[in-house]
Amino acid sequence: MIDLRSDTVTKPSEAMRAAMAHAEVGDDVYGEDPTVNRLQDMVAAMFGKRAALFVPSGTMGNQLAIRLHTQPGQEVIVESTAHIVRYEQGAAGALAGVQLHWVTGTRGLISPEQVEAAIRPKELHTVQTGLICLENTHNSGGGSIYPLATIERIRAVAATHGMPMHLDGARLFNAAVATTLPPASYAQHFDTLSVCLSKGLGAPAGSLLMMNDLALLDKAKRLRRMYGGAMRQSGVLAAAGIYALEHNLGRLKDDHDHAKRLAQRLQMIPTVRINAQDVETNIVIFDVIGHRLAPPAIVAALKQKGVLINALGGASFRAVTHMDVSSAMIDEACEIFTHVLGIEPLTH
Ligand SMILES: *Cc1c(COP(=O)(O)O)cnc(C)c1O
């Protein structure tokens, strides 16, 4: 089966499992797990932040950040299709007591002008803005990358209003590899950012929440405990993360090349709507229009031929490339898409 549902479906390699099995561990609630400490130091250094906190999931990283920066009753500015909006079970409302102020972007990216317009005036009748969240790369935007210049300008708007910024960087490594910019060049513009090890990097679990402010780190540790994310000998997981960072970072470029190839091939199918040049990283979002099958039946037909993808609702589908999908599997997936979505396989 060629599983293109998500880059979270990767399984730890033998070598990664060996690193996990041999990890030196301790009780991380006492701060005594040397492998967790090493991972945290390593990631903080990579992103040019003073501190990184290991958390079980990207959702927890985002939710700790929202809670850290806001007061109940405030509002968080976020793009309308963001992970925080769609896929975190309303946690910002349920756990931090804030409401989300949606701003609709282009391929998930919002402009400094939109941010400026969304910040509430500081007057008595009006709800108060507490935080601005961006997502890079943007999942529902099709793996789109925020231009650094846009982030700089949004940061300048935020600074004018004394507003903190959080980055959902679940796939920030993809952005850094695709642009060849150092991860810190993005991170410098945010008060907090979260990154995932369990996506393209192939680790089984784990995210990191980063910040410069050590008072914020103390608060984040308390909240992580409250949210049930304080773990004990989590060095077993951190070892997988260290292995992933040391071995699987550079190869993200292969995933991007594969996604591009897939998109170019999809673009040739008459029922498919996609701009292959929009595909910048490892996510391919496309519409299927005028096909005899409804979306669930299309997913089933592809599965029957050996390809798994997700239907996103409406006419949209998502295919994600990752380290457990080889170049040959991409070629095979292209044939299957071509076959199932309506035209004869091309000869080459
Ligand atoms: C996957 C993802 C997360 C975190 O997801 P978890 O499953 O909680 O680790 C956060 N943001 C984005 C954009 C994601 O794609």
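Residues numbered from 1 in each chain as written. Predicted model: local features only at pLDDT ≥ 70, side-chain atom pairs only at ≥ 80, totals over all residues. Heavy atoms only, no water.

**Q** Sorry, what's going on with the sheet that holds strand 13 (residues 316-320) here?
**A** Pairing in this open sheet of four strands is antiparallel, and the strands run 9-10-13-12 from one edge to the other. Strand pairing shows two members of the sheet lacking a second neighbour, strand 9 (272-273) and strand 12 (310-313), which therefore form its edges. The pairing of strand 10 (residues 283-288) with strand 13 spans five bridges and is antiparallel. Across the sheet, I283 pairs through a bridge with V320, a residue of strand 13. This element, helix 12 (residues 252-267), spans strand 9, strand 10 and strand 13 of the sheet and lies at about 15° to strand 10. (Pairing = 2+ DSSP bridges. Helix = DSSP H or I, 4+ residues; strand = E, 2+ residues; numbered from the N terminus. Contact = heavy atoms within 4.5 Å. Axes fitted to C-alpha atoms, helices over the stretch in contact; angles between N-to-C directions.)

**Q** Can you help me understand the nonpolar core in this one?
**A** Within soluble globular proteins, side chains that are nonpolar generally end up buried alongside one another. Among the nonpolar cores identified, the biggest contains 49 residues, and L39, V43, F47, I132, L134 and V195 are the most heavily contacted of them. Top element by residues in this core is helix 11 (residues 235-247). It accounts for six residues. In this structure, V43 is in contact with A52, V195, L208, M210 and L245, ignoring residues within four places of it in sequence. In this structure, L262, V279, V288 and L302 belong to the second largest nonpolar core, which totals 30 residues. (Core = buried A, V, L, I, M, F, W, Y, C linked by side-chain atoms within 4.5 Å. Buried < 20%, exposed > 50% of the residue type's maximum accessible area, 1.4 Å probe, protein only.)

**Q** Whenever I open this one, the layout of surface pockets confuses me. Can you help?
**A** Here the idea is plain: a probe the size of a water molecule rolls over the atoms and shows the empty space left. Considered as a void within the structure, the largest pocket measures approximately 350 Å³ in volume. Listed by contribution, the elements that provide at least two residues to the lining of the largest pocket are strand 10 and strand 12. If you tally residues by element for the lining of the largest pocket, the top one is strand 10, at three residues. Lining the lining of the largest pocket are residues from two domains, each supplying at least three of them: domain 1 (12-247) and domain 2 (251-341). The computed volume of the second largest pocket comes to approximately 300 Å³. In terms of lining, the second largest pocket is formed by 17 residues, of which the most central are D28, G31, L53, K221 and R224. For the lining of the second largest pocket, the secondary structure elements donating two or more residues are helix 2 (34-47), strand 2 (51-55) and helix 10 (214-226). Here the residues of the lining of the second largest pocket are counted per class, giving eight nonpolar, three polar and six charged. (1 Å grid on protein atoms, 1.4 Å probe; cavity = no way out; pocket = protein on both sides within 12 Å on 5 of 7 lines; lining within 4 Å. Points joined across faces, edges and corners; volume = space filled by probe spheres on them. Domains from an automatic or database assignment. Nonpolar A, V, L, I, M, F, W, Y, C, P; charged D, E, K, R; others polar.)

**Q** It is not clear to me how the domain arrangement of the chain should be interpreted in this structure. Could you clarify?
**A** Many structure descriptions define interface size as the accessible area lost when the parts assemble. As assigned here, the chain comprises domain 1 (12-247) and domain 2 (251-341). Computed from C-alpha coordinates alone, the two centres of domain 1 and domain 2 are separated by 28 Å. Counting residues at the interface gives 16 residues for domain 1 and 12 residues for domain 2. Note on domain 1 versus domain 2: buried area summed over both sides is about 1,300 Å², and carbon and sulfur give 55% of it. Summed over the shared surface of domain 1 and domain 2, the number is two salt bridges. (Buried area = accessible area lost by both parts, 1.4 Å probe. Salt bridge = Lys/Arg side-chain N within 4 Å of Asp/Glu carboxyl O.)

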